[in-house]
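# Architecture at a glance
Chain residues, written in single-letter form:
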Amino acid sequence: MSEPAPASPVVSDRVWTIPNALSALRLLLVPVFFVLVVIGEDVAALIVIVVSTISDWADGVIARRFGQITKLGQLLDPAADRLFIMAAVLGLAVRGVVPWWLVVIIVGRDVFLVVLGVVLAQHRFGPLPVHHIGKTATFALFYALPILVLGQAFPAIAVVSDPVGWAFALWGAFLYWWAGLLYLRQTRVLIRAHPLDSADASDTLARRRTTDG
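Residues numbered from 1 in each chain as written. Predicted model: local features only at pLDDT ≥ 70, side-chain atom pairs only at ≥ 80, totals over all residues. Heavy atoms only, no water.

### Comments concerning the environment of W100
Inclusion rule: For helices the rule is a DSSP run of H or I covering at least 4 residues; for strands it is a run of E covering at least 2, with both sets numbered from the N terminus onward. Contacts are residue-level and defined by heavy atoms, with any inter-residue pair within 4.5 Å sufficient.
If you trace the backbone, W100 turns up in helix α4 (residues 100-122). Placed ten residues apart in sequence, W100 and L90 show a C-alpha to C-alpha distance of 8.2 Å. Beyond its immediate chain neighbours, meaning those up to four positions away, W100 contacts L90, A93 and V94.

Here it is, written out as structure tokens:
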């Protein structure tokens, strides 16, 4: 006799939770990180990244262990990751550490997803389920740019950190757009399968929402 599948975690509508407070802290650290990168305070910027990473790990552990997974947290957590990526790539581009074409690739993909979100909303759909390729891309970019900052903070190790950082950055950018094209395909399939006048369109993805990486 097979064992029953584990129950899905309960996602609540609560706002005031410790994980949400930690996610809000990460969001507040984004402009601090951006300013530090732009003015060349790379060691301080790395400290901010370490604090953000620890808080990201802590809010996930607390949310799962104490049943504090919330809809707000599912929005704040990936938003903080994307904003840190954007702050890093913009700050490094301003300093000439990375080229502006990388900014266009990364920011352009996020704008592309915003457009898809608007299209889905017009057809009464919620957010698309997060693809594992998108999570991998976010992971690669989230660590690639701080590794490049590390090379700026400690030039002696740049000969090692820069190639590693660029490898993560280029691979992450490629996966970022690969995931974006997959989301485009999913959007087209959903819209074709459920015309705008379908009465149950708004419920189709409500059962499929997942957290982002």
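### Some thoughts on the nonpolar core
This is how it is decided: The set of buried Ala, Val, Leu, Ile, Met, Phe, Trp, Tyr and Cys residues whose side-chain atoms join them within 4.5 Å is what this entry labels a nonpolar core. Only protein chains enter the calculation, and the probe is 1.4 Å; a residue is then buried if its accessible area is under 20% of its type maximum, exposed if over 50%, and partly exposed in between.
Among the nonpolar cores identified, the biggest contains 40 residues, and F33, F84, V89, L92, V98, I106 and L145 are the most heavily contacted of them. Those elements that provide at least two residues to this core are α1 (18-38), α2 (42-65), α3 (71-94), α4, α5 (132-153) and α6 (158-193). The element that contributes the greatest number of residues to this core is α5, accounting for eight residues. If we ignore the near neighbours within four places in the chain, the residues touching L145 are I85, A88, V89 and L92.

### Considerations on a nonpolar patch on the surface
Our working rule: Any residue with relative accessible area above 30% and no salt bridge may belong to a patch, with like charges joined within 9 Å and the nonpolar Val, Leu, Ile, Met, Phe, Trp and Tyr side chains within 5 Å. Only the protein chains shown count as cover for residues, and all accessible areas are computed by the Shrake-Rupley method using a 1.4 Å probe. Salt bridges are identified by distance alone: a Lys or Arg side-chain nitrogen within 4 Å of an Asp or Glu carboxyl oxygen.
A cluster of nonpolar side chains, F139, Y143, V159, V160, V164 and F168, forms an exposed patch at the surface whose accessible area comes to about 550 Å². Contributing elements (two or more residues each) for the nonpolar patch: α5 and α6. Broken down by element, the nonpolar patch gets its largest block of residues, four residues, from α6. Mapped onto the secondary structure, V164 falls in helix α6. Owing to a relative accessible area of 35%, V164 belongs among the partly exposed residues under this scheme.

### Some points on the packing of α2 against α3
Pairs of packed helices are described in terms of their axes, by the angle between the two and the distance that separates them. Which entries qualify depends on this criterion: Lines fitted to the C-alpha atoms define the axes, with helices restricted to the stretch that makes contact. Angles between their N-to-C directions range from 0 to 180 degrees. Orientation categories follow fixed angle ranges, with anything under 35 degrees roughly parallel, anything over 145 roughly antiparallel, 65 to 115 roughly perpendicular, and all other angles oblique. Helix crossings are classified by the rotation of the near helix relative to the far one: an anticlockwise turn of less than a right angle makes the crossing left-handed, while a clockwise turn makes it right-handed. Each residue is assigned to one class: nonpolar for Ala, Val, Leu, Ile, Met, Phe, Trp, Tyr, Cys and Pro, charged for Asp, Glu, Lys and Arg, and polar for all the others, Gly among them.
At a minimum axis distance of 12 Å, the contact between α2 and α3 shows a crossing angle of 160 degrees. Here α3 runs roughly antiparallel to α2, going by the angle between their axes. The chirality of how α2 crosses α3 is left-handed. Judged by residue contacts, V48, I49, S52, D56 and D59 of α2 engage D77, D81 and F84 from α3. Here the residues of the contact of α2 with α3 are counted per class, giving three nonpolar, one polar and four charged.

### Re the side chain of T187
With respect to the secondary-structure elements, T187 resides in helix α6. For T187, a relative accessible area of 3% gives the class buried.

### Points about the pattern of salt bridges
When charged atoms on two side chains of opposite charge get close, those side chains can pair. Under the criterion given, the structure shown has six salt bridges. The closest approach of N and O atoms between R95 and D42, which form a salt bridge, is 2.6 Å. Of this pair, R95 sits in the loop between α3 and α4 while D42 is found in helix α2, placing the two residues 53 residues apart along the sequence. Note that D110 and R109 form a salt bridge whose closest N and O atoms lie 3.6 Å from each other. A single burial state applies to D110 and to R109, both of which are buried. Among the ionic contacts, a cluster of salt bridges with common partners joins R26, D56, D77 and D81.

### Some thoughts on the packing of α4 against α6
Running from N to C, α4 and α6 point in directions that differ by 20 degrees, and their axes come no closer than 10 Å. The pairing of α4 with α6 is recorded here as roughly parallel in orientation. Considering only the axes of α4 and α6, their crossing is left-handed. From α4, W101, L102, I105, I106, G108, R109, D110, F112, L113, L116, V119 and L120 reach across to α6, where they touch W166, L170, A173, Y176, W177, A179, G180, Y183, L184, T187, L190 and I191. Of the residues assigned to the contact of α4 with α6, the class counts are 19 nonpolar, three polar and two charged.

### So, the packing of aromatic side chains
Definition in use: Each pair of aromatic rings taken from Phe, Tyr and Trp, with Trp reduced to its six-membered ring, is defined by centres within 6.5 Å and is described as stacked if the planes are under 30 degrees apart, edge-to-face if over 60, and tilted in the remaining cases.
One pass over the structure, following the stated rule, counts seven aromatic pairs. Look at W171 and F174: their rings are 5.6 Å apart centre to centre, the planes differ by 25 degrees, and that puts the pair in the stacked class. Here W171 pairs with F174, and both are found in helix α6, just three residues apart, close to one helical turn. A residue is classified by how much of its surface remains accessible, and W171, at 48% relative accessible area, is partly exposed. Given the relative accessible area of 47%, F174 is considered partly exposed. Here the aromatic rings of F174 and W178 are separated by 5.9 Å at their centres, their planes lie at 50 degrees, and the arrangement is tilted. Of the two residues, F174 and W178 both sit in helix α6, four residues apart, roughly one turn of that helix. With relative accessibility at 40%, the residue W178 sits in the partly exposed group. One aromatic cluster is present, formed by F33, F84, F139, F142 and Y143 through successive ring pairs.

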